[in-house]
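Next come the chains, spelled out residue by residue.
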Amino acid sequence: MGAAAGPPGFFVGLGLALASSAFIGGSFILKKKGLLRLCRRGRARAGQGGHAYLQEWLWWAGLLCMGIGEAANFAAYAFAPATLVTPLGALSVLVSAVLSSVFLNEQLNVHGKIGCMLSILGSTVMVIHAPQEEEVSSLESMAEKLKDPGFIVFAVCVLVSSLLLIFVAGPRYGQSNVLVYVLVCSAIGSLSVSCVKGLGIALKELFSGKPVLKEPLGWVLLVCLVICISVQINYLNKALDIFNTSVVTPVYYVLFTTAVMTCSAILFKEWQHMVLDNIIGTVSGFLTIVSGIFLLHAFRDMPFPPDLLPLFLQQGRADPHASWRSADRHRSCQHQPLLPPEDKGSRSTEEEEGEEG
């Protein structure tokens, strides 16, 4: 069975994940508003290495909202598997897209709205078929998993690729390609989720009376989490300052979700005991999300006026017979002759006169 039939902790994690998506989606808007205000004042932009946004209260309000959202997300990971919590981040895409169209005057056409709905549907399917994670109940078992060779190889690849993106690809392509800075956030974010999961286990043991504060692993995970979040905030600010919010948010979601699912599958062996229908459902749900994100991203600048709708959906066309008659009068240009009939007649007459002459 999928995760939706799980214990009560599933519903706690679900509620926390929903609240997290709402706060994180709103934080993108507040941060972008703050960065735009700095741009109008002529201050050094974050995309050019400036840090003047630290003096903007709107940016701090956005950071506070993101902090609340991440805290809720932190708690959600402590109650539910990462592959269950992470896909619900698609709701932050919807929140950010809708709010950016209202408060930032950014375009959200029909394709974008359909993309948001597909992201929500895909997330729902993934939640229903989410894999059951292997049980991790103590810091000792977490330490054993962190020593797994597969996870060590994954972590090394993430760190090396992030360093290459920061120091090699960033100076060359960071200002023109949205993937550079967003890939850094996503790759480092997959490691931060592992740290969050370990700290959640540590807090559970602390509340149960175990001497967790004497364990070095908990402190190591805390330091790693602070470093990962600092890197994420820095490069997410760069991406938001350079590119459109409705572009950064969905691309970040897709890459972050992919990285987290990969990390969780390697570290917690979440997919090891899944049956075929849950595997198909999880993959199908994720591909649905990717399709929705593609619609939201690829056609963001394409205008979609009402004239492009089918005739029976356009306003003022209640009479179906009138619609058919109008369709005959307004045929597509690809079905029209290259020259109108009268032009053809005048053209043939001129050709005959020329031949007689």
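As recorded by an unreviewed UniProt entry, the protein carries the name NIPA2 protein and is attributed to Crotophaga sulcirostris. As its UniProt record puts it under Subcellular location (unreviewed entry), the protein is described as follows: "Membrane". The heading Sequence similarities (unreviewed entry) in the UniProt record of the protein holds the text "Belongs to the NIPA family."

Each helix and strand counted, the protein has 13 helices and zero strands in total. Beginning at the N terminus, the succession of helices and strands in the protein can be written as α-α-α-α-α-α-α-α-α-α-α-α-α. Looking at the protein as a whole, 44% of its 357 residues are labelled buried. Within the protein, counting contacts between residues at least 6 apart in sequence, those at least 24 apart form 81% of the total. Within the structure as shown, the protein displays about 18,800 Å² of accessible surface, and the carbon and sulfur contribution to it stands at 67%.

Looking now at the packing of aromatic side chains. The tally for this structure, following the rule as stated, stands at two aromatic pairs. Pairing Tyr 181 with Tyr 235 gives two aromatic rings, centres 5.7 Å apart and planes at 40 degrees, and the pair type is tilted. With Tyr 181 in helix H8 (residues 178-207) and Tyr 235 in helix H9 (residues 216-242), the pair connects residues that are 54 residues apart, well separated along the chain. Look at Tyr 252 and Phe 256: their rings are 5.6 Å apart centre to centre, the planes differ by 20 degrees, and that puts the pair in the stacked class. Of the two residues, Tyr 252 and Phe 256 are both situated in helix H10 (residues 245-267); the distance of four residues between them amounts to about one turn of the helix. We note that Tyr 252, like Phe 256, is buried.

The N-to-C vectors of helix H4 (residues 90-103) and helix H5 (residues 110-128) enclose an angle of 160 degrees; their axes lie 8 Å apart at closest approach. Compared by their axis directions, H4 and H5 come out roughly antiparallel. At the point where H4 passes H5, the crossing takes the left-handed sense. Facing H4, whose interface residues are Ala 90, Leu 91, Leu 94 and Ala 97, H5 presents Cys 116, Ser 119, Ile 120 and Ser 123. Looking at side-chain class alone, the contact of H4 with H5 contains six nonpolar, two polar and no charged residues.

Taken together, Ile 152, Val 156, Val 160, Leu 163, Leu 164, Phe 167 and Val 168 make up a surface patch of nonpolar side chains, about 660 Å² in accessible area. Tracing the chain through its elements places Leu 163 in helix H7 (residues 149-173).

Mapped onto this numbering, the UniProt entry annotates "transmembrane region" (unreviewed entry) at residues 12-30, 57-79, 85-104, 150-171, 178-202, 217-235, 247-267 and 279-299. For residues 150-171, the end-to-end C-alpha separation is 31 Å, with 100% helix and 0% strand making up the annotated structure. Span residues 247-267 is 100% helix and 0% strand, its end C-alpha atoms 30 Å apart.

The subject of this paragraph is the environment of Ile 266. Examined against the element boundaries, Ile 266 turns out to sit in helix H10. Residues Ile 266 and Lys 145 lie 121 residues apart in sequence; the distance between their C-alpha atoms is 9.2 Å. With near-sequence residues (within four places) excluded, Ile 266 lies in contact with Gly 150, Phe 151 and Phe 154.

Moving on, we come to the packing of helix H6 (residues 139-146) against H8. The geometry of H6 relative to H8 is characterised by a closest axis approach of 9 Å and an angle of 160 degrees between their N-to-C directions. Classified by the angle their axes make, H6 and H8 are roughly antiparallel. Between H6 and H8 lies a crossing whose hand is left-handed. The residues of H8 that touch H6, namely those facing Leu 139, Glu 140 and Met 142, are Ser 194, Gly 198, Ile 201, Ala 202 and Glu 205. For the contact of H6 with H8, a count of residues per class yields four nonpolar, two polar and two charged.

Tracing the sequence through the fold places Ala 72 in helix H2 (residues 57-79). By relative accessible area, Ala 72 is classed as buried at 12%. Separated by 59 residues in sequence, Ala 72 and Gly 13 have C-alpha atoms that sit 8.8 Å apart. The contacts of Ala 72, once residues within four sequence positions are left out, are Leu 16 and Ser 20.

This paragraph deals with the confidence of the model for the protein. Mean pLDDT for the protein: 76, with 75% of residues reaching 70 or above. Per-residue pLDDT, averaged within each element of the protein, yields its smallest value for helix H12 (residues 320-329) (46) and its largest for H7 (92). Long-range and interchain partners of residues 322-339, a stretch whose pLDDT sits below 50, account for nine contacts in this model, where long-range means more than four residues apart. For residues 342-348, every residue scores under 50 in pLDDT, and the model assigns this stretch three contacts once sequence neighbours within four places are set aside.

Take the side chain of Ser 192 next. Along the chain, Ser 192 falls in helix H8. Residue classification places Ser 192 among the buried positions, given a relative accessible area of 7%. The contacts of Ser 192, once residues within four sequence positions are left out, are Leu 225, Cys 228 and Gln 232.

Definitions and cut-offs
- Residues numbered from 1 in each chain as written.
- Predicted model: local features only at pLDDT ≥ 70, side-chain atom pairs only at ≥ 80, totals over all residues.
- Heavy atoms only, no water.
- UniProt positions renumbered as here; feature names shortened; annotations may be inferred.
- Helix = DSSP H or I, 4+ residues; strand = E, 2+ residues; numbered from the N terminus.
- Buried < 20%, exposed > 50% of the residue type's maximum accessible area, 1.4 Å probe, protein only.
- Contact = heavy atoms within 4.5 Å.
- Areas by Shrake-Rupley, 256 points an atom, 1.4 Å probe, with all protein chains shown as cover.
- Phe/Tyr/Trp six-rings, centres within 6.5 Å; stacked < 30°, edge-to-face > 60°.
- Axes fitted to C-alpha atoms, helices over the stretch in contact; angles between N-to-C directions.
- Parallel < 35°, antiparallel > 145°, perpendicular 65-115°, else oblique.
- Left-handed = near helix turned anticlockwise from the far one by under 90°.
- Nonpolar A, V, L, I, M, F, W, Y, C, P; charged D, E, K, R; others polar.
- Patch = residues over 30% accessible without salt bridge, like charges linked within 9 Å, V, L, I, M, F, W, Y side chains within 5 Å.
- Salt bridge = Lys/Arg side-chain N within 4 Å of Asp/Glu carboxyl O.
- pLDDT = per-residue confidence, 0-100.

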